[in-house]
Amino acid sequence: MKALQDLVRPNIWALQPYSCARDEFKGFKADVFIDANENPFPNGVNRYPDPLQEELKRSISPMKGVPVQNIFLGNGSDEAIDLPFRIFCRPGIDNVVAIAPTYGMYEVCADINDVEYRKVLLDEKYDFSPEALLAACDDNTKIIFICSPNNPTGNAFRREKIEQVLTAFEGIVIVDEAYSEFSSQRPLRLDLTKYPNLIVLNTFSKAMGCAGIRLGMAFACEEIIGLLNKVKYPYNVNVLTQQKAMEVLQNLTILQRHISQILDERQSLMQAFSLLPICKKVYPTDANFFLTKVTDANRIYRYLVERGIIVRNRSKVTLCGECLRITVGLKEENRKLLAALRQYV
Ligand code: PMP
């Protein structure tokens with residue numbers, strides 16, 4: 001890996017971050033807070049949140065097997081995807097490389113930040129070649145994105161392949177493990193210490209069942225976490241989100257049960273789906289959704305919408321012609337989907 005200073009934009013390296021009221025008295029115990037121009041009358045949210053979400057990180061740490069100092073929390077994974085562009089990529093000069101097809105926000109963030117986005121197509125099995133990814137890089141490539149399990153294809157990539165990229169690439173590798181709880185593969189976040197250039201993304205939106213609170217996580221070496229904290233908005237994770245996340249973390253048994261139910265449902269739904277006359281192929285998955293090639297994706301999508309059933313039409317995505325992406329729902333929801341498709345002519 002290059003020295004971090006050579007990867008970071010010079011203005012960010014030199015940046016003096018905003019120092020918020022709640023950062024400045026650290027180390028002292030206090031019970032009179034007249035520093036931040038808040039309204040003093042209590043209503044549960046009249047105080048600013050902890051800018052570094054320390055209590056929440058202490059609860060997340062044992063669950064994820066990642067030390068507190070290696071955790072960044074943001075407003076959804078969206079924030080953790082956007083910040084690395086702003087930290088590492090000089091607009092109009094640098095580029096990033098990503099597998100394709102993959103999660104759409106990487107490209108949108110690249111476009112917003114005026115950073116060239118280089119796509120390297122997966123093969124017909126939706127697998128990637130480390131050599132092809134590395135060949136697409138040049139001196140100005142700052143980040144490689146690998147989403148595993150990948151969205152929309154559903155499959156997880158072999159760890160050795162990702163590790164090959166991590167070892168050979170001199171810049172930052174972002175591995176988005178948003179769906180790792182649904183996969184039997186060992187998550188890469190557990191090997192953070194081996195790779196100073198690795199950023200792993202996780203989210204509360206999928207297995208954790210909290211898409212509505214917007215809480216994303218990035219795991220990386222302390223220096224990279226420091227950069228993310230330097231550039232983020234001072235109070236990026238609000239009080240209600242932090243409270244709800246703490247509550248959810250106290251009920252991990254329920255979550256675990258829901259994940260196993262989703263995995264059981266995934267298996268029966270995919271099995272039943274593959275027998276439908278409209279189904280040409282069900283792709284293997286390691287996530288809480290699966291991709292399927294059907295006889296006429298646009299027509300079937302509209303047919304389902306008319307019956308109040310919304311799936312994701314991915315037929316315009318590269319390598320996903322005639323494909324729909326289907327999230328595993330509740331038993332009853334999956335039953336409605338199958339019943340509707342059995343009547344499709
Ligand atoms: N990463 C991947 C691979 C996703 O598919 C999604 C959501 N579709 C996200 C991240 C978004 O996560 P969040 O809700 O935390 O922004």
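Counting restarts for each chain, with residues numbered from 1 along the sequence as it is written. In keeping with the model being predicted, local features are shown solely for residues with a pLDDT of at least 70 and side-chain atom pairs are shown and tallied solely at 80 or more, while totals for entire chains, interfaces and linings include all residues. Water and hydrogen atoms were dropped before computing side-chain values, which therefore reflect all heavy atoms in the structure.

### Structural notes on the sheet that holds strand β1 (residues 71-74)
- Any two strands between which DSSP finds at least two bridges are classified as paired. Strands here mean DSSP runs of E at least two residues long; helices mean DSSP runs of H or I at least four residues long; both are numbered from the N terminus. Taken in spatial order, the seven strands make up an open sheet running β1-β7-β6-β5-β4-β2-β3, and their pairing is mixed. The outermost strands of the open sheet, each flanked by one partner alone, are β1 and β3 (116-121). With strand direction ignored, the average angle separating the axes of adjacent strands in the sheet is 25 degrees.
- As paired strands, strand β4 (residues 141-147) and strand β5 (residues 172-176) are joined by five bridges and run parallel to one another. Within β5, the residue paired with Phe 145 across the bridge is Ile 174.
- The contact criterion used throughout is that any non-hydrogen atoms of two residues lie within 4.5 Å. Axes, fitted as lines to C-alpha atoms, cover a helix only where it is in contact. Angles between the N-to-C directions of the axes lie from 0 to 180 degrees. The strands that helix α5 (residues 105-112) touches are β3, β4 and β5; relative to β3, the one it contacts most, it runs at about 155 degrees.

### Quick notes on the state of the cysteines
- In what follows, a disulfide is any cysteine sulfur pair within 2.5 Å. For the structure on display, the rule yields zero disulfides.
- Cys 323 carries a free sulfur, and the closest cysteine sulfur to it, the one in Cys 320, is 5.1 Å from it.
- In this scheme, a residue with accessible area under 20% of its type's maximum is buried, one over 50% is exposed, and one in between is partly exposed, where area comes from a 1.4 Å probe on protein chains only. Residue class for Cys 323 comes out buried when judged on its relative accessible area of 0%.

### A few points about empty space enclosed by the protein
- Put simply, the grid is 1 Å and covers the protein atoms alone, a cavity is a trapped set of points that fit a 1.4 Å probe, a pocket is an open set with protein on both sides within 12 Å along at least five of seven lines, and lining residues have an atom within 4 Å of a point. Grid points are joined across faces, edges and corners, and a volume is the space filled by probe spheres set on the points. Summed over the entire model, instances satisfying the criterion amount to one cavity of 30 Å³ or more.
- Roughly 90 Å³ of internal volume is contained in the largest cavity.
- Residue classes in the lining of the largest cavity are distributed as six nonpolar, four polar and three charged. Note on residue classes: Ala, Val, Leu, Ile, Met, Phe, Trp, Tyr, Cys and Pro are nonpolar, Asp, Glu, Lys and Arg are charged, and everything else, Gly too, is polar.

### A closer look at helix α7 (residues 159-168)
- Buried within α7 we find Arg 159, Lys 161, Ile 162, Glu 163, Val 165 and Leu 166.
- Considering only its buried residues, α7 is in contact with α6 (130-135), β4, β5 and β6 (198-203).

### Thoughts on the site of the ligand
- For this purpose, a residue is taken to be near a molecule or strand whenever a single non-hydrogen atom of the residue falls within 4 Å of it. Taken together, 13 residues sit near the ligand, with Ser 77, Asp 176, Tyr 179, Thr 203 and Ser 205 positioned nearest.
- Here a polar contact is taken to be a pair of N or O atoms separated by no more than 3.5 Å, where protein atoms must pair a possible hydrogen donor with a possible acceptor and residues adjacent in sequence count only if both atoms sit in side chains. At a separation of 3.1 Å, a nitrogen atom of the ligand approaches a polar side-chain atom of Lys 206.
- Here an oxygen atom of the ligand and a side-chain polar atom of Arg 214 are 2.7 Å apart.
- Look at the ligand: alone it shows 400 Å² of surface, and the protein chains cover 91% of it.
- When atoms are counted within 2 Å of each cavity's grid points, the one that captures over half of the ligand is the largest pocket.
- For the shell around the ligand, the leading source of residues is helix α4 (residues 76-88), giving three residues.
- Of the residues in the shell around the ligand, the class split is four nonpolar, five polar and four charged. Surface accessibility in these figures is a Shrake-Rupley result with a 1.4 Å probe; residues are shielded only by whichever protein chains are displayed. Assignment of a molecule to a cavity or pocket requires that more than half of its atoms lie within 2 Å of the corresponding grid points.

### Here we look at the environment of Ile 146
- Topologically, Ile 146 is positioned in strand β4.
- With 10 residues separating them along the chain, Ile 146 and Ala 156 place their C-alpha atoms 10 Å apart.

### Quick look at the sheet that holds strand β11 (residues 323-327)
- With antiparallel pairing, four strands are arranged side by side in an open sheet as β8-β9-β11-β10. A single partner strand is all that each edge strand has here, and the edge strands are β8 (279-282) and β10 (312-313).
- In this sheet, β11 lies alongside β10 in antiparallel orientation, the contact comprising two bridges. Bridge pairing links Arg 312 to Arg 325 in β11.
- Against the sheet, helix α11 (residues 297-306) contacts β9 (289-294), β10 and β11, and its axis sits at roughly 35 degrees relative to β11.

### Considerations on the environment of Val 239
- By secondary structure assignment, the location of Val 239 is in helix α9 (residues 239-249).
- Judged by its relative accessible area of 17%, Val 239 falls in the buried class.
- When the C-alpha positions of Val 239 and Ala 218 are compared, they lie 19 Å apart, and in sequence the two are 21 residues distant.
- Setting aside residues no more than four positions away along its own chain, Val 239 makes contact with Gly 44, Val 45, Arg 47, Tyr 48 and Pro 49.

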